[in-house]
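# Per-entry structural report
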Amino acid sequence: MSMSDSDTSSQGGSDYKNFRQITRDRLLYEMLRSAKRPDSKSNWKVLIMDKVTVRIMSCSCKMADITDEGVSLVEDINKRRQPLPTMDAVYYVQPTKENVVMLLSDMAGRTPLYRDAYVFFSSSVPKELVNYIKKEQSLKSRLRAMKEMNLEYFAIDSQCFITDNGMALEELYGNEEMTRKGDQCLNMMANRIATVFASLLEFPFVRYRAAKSLDPTTMTTIRDLIPTKLAAAVWNCLMKYKALNNFNFPQTETCELLILDRSIDQIAPVIHEWTYDAMCHDLLNMDGNKYVHEVASKTGGLPEKKEVLLEDHDPVWLELRHSHIADASERLHDKMTNFVSKNKAAQMHQGSRDGGELSTRDLQKMVQALPQYSEQIDKLSLHVDIAAKINKIIRESGLKEVGQLEQDLVFGDAGTKEVINFLRLKPDATRENKLRLLMIYAATHPEKFESDKLAKLMELARLPSDDMNAVYNMRFLEGSSDAKKNSIGAFSLKFDVHKKKHGLRKDRTGEESTWQLSRFYPMIEELIEKLSKNELPKIDYPCMNDPSPTFHGRSQSESAKTTEPPAAHSMRSRRTATWARPRDSEDGYSSDSILRHASSDFKKMGRRIFVFIVGGATRSELRVCHKLTTKLKREIVLGSSSLDDPPQFITKLKLLTSNALSLDDLEI
């Protein structure tokens, strides 16, 4: 690893360190590298984690990185382990009673499992657990360090983290009243969000979507209050950090946090997103970022299955992931053509296939060039095959026509008539495509819940009952947007010919695209741009930081003076990282090399913007955060309870239940 990837960014702010770089550096250097004996010749140690922290670590660090910091063995705290009394142990665990009991079991008494222990907790430790540890006298001499890392989030992308509350949709939106599970879910989410700011040494202005009813007589539901409750819980955590101030937590605001929920955009999780990244996760049977690729056998037998990771260490993936699938396909074709024309080994290889004879000298040159050629062609071939598979699915499933109708519904250029025509003329459309189309229809036509129109459309689509539940459950995520207000009313139902458009989006001026079906954009794009310009309405998106109860009555200019500080860099990016003394690593596969791709564009960035979405974020929303980071020159970090692809979101929506409303309660 070069100096620029560790601590030079902290020296005078010459290089900006992105969100995942800071996370990784803290785990490797602040935690693992600090756990060493200055008088010892060998610093090999055991790393012990629980089910949560092992995933946190794997999101940010590669095994090679961990080994480089002297870890020879990684263990699960909940499993029986072999005693290694000559080695030190690093514990990176959640501050739970179970984990503390296991720690004491390992290290207390006459025969500890390890020589000494360095204990790092992922979040704040309750006082009772600290006292419990202090009571164990035999542990004191063996405990070389005990620290709160305050790092309990999953950095799944260079600009995205999740809190891993995969059941948030069901636990928070499936009931009319807040349940014990729902309360636990919100508290866990808040604690983990707060550790993001503790980790980055950032203190945010906390904005959130305010609860809104369609009319004053309607009682606000618990679902509508979720962003408010989460903002309050996050704020309480941040105030504790600020009060303690035992790790240089800033005392004044350094960034912005906007807390939203899935109701702000029901369309994004369901609509077909036509970028390469989204299509891979939507249409291919991927397990997270793992893709099983068939490669030709070197022995001439049956094709071999090879598991690959579609991640940032692959420069082709990094370049194409946010491109439209048609654009990605064209660029892959151009890359392959250019590679063959410029690479002598490839030309010779191609010539050998054509039956041309090769001299001994040619064979020698080809063999010398082949290892590099093989690696390059493998990467290109992987993506050429993936793009071909996606394009085949698009053709065979008639996805372009489905996608066009989806976007026309969203922009108000199609309605009930067009949906009926599609369902009648395309009875062989896949069940999932018909379901997603009707979910979009339900989101753009919420008044149809009150009539039998929706039920008749689902009968026409021949959807089974669990699919029908998914469509009806869209109403649990109804927002309070102007589009929804405009679409409700007796006159709009009676005089169908003269009704207003049901579009939930307006075409964005100045953003024409060469590619079809790239008209759609997630709502957070508008919200982030408004937040960046300080144009986000304070009534709809209040700020927790303001102490004045009359804040919302102020003028826009006065509010701007209160809440919008001058642009500046984050505190941690300026801090000298004395614990980071990097080693050289240029293998292209360690996370140093992975993150180098992301670091070059982050020079002289303004204050960070964090956007958190309760109920699951989408790949289109992640794409927007990358796009706006470049456009606004501010790092936009997306957070959510989970990152869901359409099939995952639909499954969650099917499971959504309500004590007050079920399918049987609907008059259909």
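Since we're looking at a predicted model, the values are computed, not measured.

### Notes on the confidence of the model for the protein chain
Residues at a pLDDT of 70 or more form 76% of the protein chain, whose mean pLDDT is 81. Per-residue pLDDT, averaged within each element of the protein chain, yields its smallest value for helix α21 (residues 490-494) (33) and its largest for strand β7 (residues 160-162) (98). Ignoring residues within four places in sequence, the model shows residues 363-368, a span with pLDDT below 50, making 5 contacts including any to other chains. A low-confidence stretch, residues 658-668 stays under pLDDT 50, and its non-local contacts, those more than four residues away or across chains, total 18 contacts.

### Points about the sheet that holds strand β13 (residues 634-640)
With mixed pairing, 6 strands are arranged side by side in an open sheet as β6-β7-β13-β12-β9-β8. Strand pairing shows two members of the sheet lacking a second neighbour, β6 (154-157) and β8 (204-208), which therefore form its edges. On average, each strand axis in the sheet is tilted by 25 degrees relative to the strand beside it, whichever way the strands run. Pairing of β7 with β13 involves 3 bridges; the strand directions are parallel.

### Comments concerning a nonpolar patch on the surface
Taken together, the side chains of Val54, Met63 and Val74 make up a nonpolar region of the molecular surface, amounting to roughly 220 Å² of accessible area. Among the secondary structure elements, Val74 is positioned in strand β2 (residues 71-76). Taking the relative accessible area as the measure of exposure, Val74 reaches 31% and is therefore partly exposed.

### Some words on the pattern of salt bridges
One pass over the structure, following the stated rule, counts 43 salt bridges. Among the ionic pairs, Asp466 bridges to Lys654, the shortest N-O distance being 3.6 Å. Placement of the pair is Asp466 in helix α19 (residues 465-472) and Lys654 in helix α27 (residues 646-655), with a sequence separation of 188 residues. Residue class for Asp466 comes out partly exposed when judged on its relative accessible area of 32%. Residue Lys654 is classed as partly exposed on the basis of its relative accessible area of 23%. Close ionic contact of Lys627 with Glu525 constitutes a salt bridge, the shortest N to O distance being 2.7 Å.

### Here we look at the packing of aromatic side chains
Scanning the model with the defined rule gives 10 aromatic pairs in all. Linked through ring pairs, Phe19, Tyr153, Phe161 and Phe612 together constitute an aromatic cluster. It is Lys97 that lies over the ring of Tyr132; its NZ or CZ is 5.4 Å from the centre. The ring centre of Phe411 lies 4.1 Å from the NZ or CZ of Arg519, which sits over that ring.

What counts, and where the lines are drawn
Numbers given to residues run from 1 along each chain, matching the order in which its sequence is written. Reporting in this predicted model follows two pLDDT cut-offs: at least 70 for local features of residues, and 80 or more for side-chain atom pairs to be given and counted; totals over whole chains, interfaces and linings ignore these cut-offs and use all residues. With hydrogens and water set aside, each side-chain value is computed from the structure's full complement of heavy atoms. Across the chain, each position has a pLDDT score giving the predictor's confidence in that residue, from 0 to 100. Each helix is a run of H or I in the DSSP string that is no shorter than four residues. Each strand is a run of E no shorter than two, and both are numbered from the N terminus. By definition in these notes, contact holds between two residues if any of their heavy atoms fall within 4.5 Å. In this description, strands pair whenever DSSP reports at least two bridges between them. In this analysis an axis means a line fitted to C-alpha atoms, helices contributing only their contacting stretch, and an angle means the value between N-to-C directions, from 0 to 180 degrees. The patches reported here contain residues having more than 30% relative accessible area and no salt bridge. Joining distances are 9 Å for like charges and 5 Å for nonpolar side chains (Val, Leu, Ile, Met, Phe, Trp, Tyr). For accessible areas, the Shrake-Rupley method is used with a probe of radius 1.4 Å. Any residue's cover is judged against the shown protein chains and nothing else. We count a salt bridge whenever a side-chain nitrogen from Lys or Arg sits within 4 Å of a carboxyl oxygen from Asp or Glu. Under the scheme applied here, a residue whose accessible area is under 20% of the maximum for its type counts as buried, over 50% as exposed, and between as partly exposed, the area being computed with a 1.4 Å probe on protein chains only. In this analysis, rings of Phe, Tyr and Trp, with Trp reduced to its six-membered ring, are considered paired at centre separations within 6.5 Å, and the interplanar angle assigns stacked below 30 degrees, edge-to-face beyond 60, and tilted for intermediate values. Charge-over-ring placement is defined geometrically: NZ (Lys) or CZ (Arg) within 6 Å of the ring centre, and within 35 degrees of the ring normal.

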